Amino acid sequence: FPGYDAKGSDLPPPKICAATWRDKAMNDLGQMPLVLLVGGYAQNWHLGGKLGVTERVLGWQQHAPYVFPLPHPSWRNTGWIKKNPWFSDELFPALKARVKDVLI
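The rules behind the values
Residues numbered from 1 in each chain as written. Predicted model: local features only at pLDDT ≥ 70, side-chain atom pairs only at ≥ 80, totals over all residues. Heavy atoms only, no water. Helix = DSSP H or I, 4+ residues; strand = E, 2+ residues; numbered from the N terminus. Contact = heavy atoms within 4.5 Å. Salt bridge = Lys/Arg side-chain N within 4 Å of Asp/Glu carboxyl O. Buried < 20%, exposed > 50% of the residue type's maximum accessible area, 1.4 Å probe, protein only. Pairing = 2+ DSSP bridges. Core = buried A, V, L, I, M, F, W, Y, C linked by side-chain atoms within 4.5 Å.

> Which residues make up the side chain of Asn-77, and what values do they have?
On the secondary structure map, Asn-77 appears in the loop between strand 2 (67-70) and helix 4 (78-83). Discounting chain neighbours no more than four positions away, the residues touching Asn-77 are Pro-71 and His-72.

> How would you summarise the pattern of salt bridges if you had to cite specific residues and measurements?
Taken as a whole and assessed by the stated rule, the structure comprises two salt bridges. We note a salt bridge from Arg-22 to Asp-23, for which the minimum N-O separation is 3.7 Å. Owing to a relative accessible area of 54%, Asp-23 belongs among the exposed residues under this scheme. Two residues, Lys-24 and Asp-28, come together in a salt bridge whose shortest N-O distance is 2.8 Å. In this pair, Lys-24 and Asp-28 are both assigned in helix 1 (residues 15-29), four residues apart and thus about one turn of the helix distant. The exposure class assigned to Asp-28 is exposed, which follows from its relative accessible area of 56%.

> Describe in detail the pairing of strand 1 (residues 35-38), supporting the description with residues and values.
Only one face of strand 1 is covered, namely the face carrying Val-35 and Leu-37; the face carrying Leu-36 and Val-38 is uncovered. In terms of strand pairing, strand 1 meets strand 2 through four bridges, oriented parallel. What sits directly across from Val-35, in strand 2, is Val-67.

> Help me get a handle on the nonpolar core, residues and values and all.
Listed in full, the ten residues of the largest apolar core are Leu-34, Val-57, Trp-60, Phe-68, Leu-70, Trp-80, Trp-86, Phe-87, Leu-91 and Leu-95. Those elements giving two or more residues to this core turn out to be strand 2 and helix 5 (85-103). Setting aside its immediate chain neighbours within four residues, Leu-34 contacts Pro-65, Tyr-66, Phe-68, Leu-95, Arg-98, Val-99 and Val-102.

> Could you give me a rundown of the environment of Leu-103, with the residues and numbers involved?
The residue Leu-103 is located in helix 5 in this model. Residue class for Leu-103 comes out exposed when judged on its relative accessible area of 70%. For the pair Leu-103 and Pro-13, spaced 90 residues apart in sequence, the C-alpha separation works out to 29 Å.

> Break down the environment of Cys-17 for me, with residues and values.
Mapped onto the secondary structure, Cys-17 falls in helix 1. Measuring from C-alpha to C-alpha, the distance between Cys-17 and Ala-94 comes to 31 Å, with 77 residues separating the pair along the chain.

> Which residues make up unusual backbone geometry, and what values do they have?
With an omega dihedral of 10 degrees, the bond running from Ala-64 to Pro-65 counts as a cis peptide bond. Inspection of the secondary structure assignment puts Pro-65 in the loop between helix 3 (53-58) and strand 2.

Quick look at the structure:
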């Protein structure tokens, strides 16, 4: 966790982290049956593009069942979850089923 900016928002991950270890880690892990893209930085890294988190998460079915873009877990997301009931009604049950499939 890189800390907070002057407004209290999370700082982005330092670019040197991914540049230093990401390719090696991904190669060592090999093909993964499930990838959770938690937050905008992870989504942008893996999926590219200029979409916001809400739009990306709303389009989750384009990437399922192997990749699930998710909002960053935080107490601050309570309002987001209330505004986007499809997350709990549609995406979450699909993700739960996929996790079960992967673990069995």
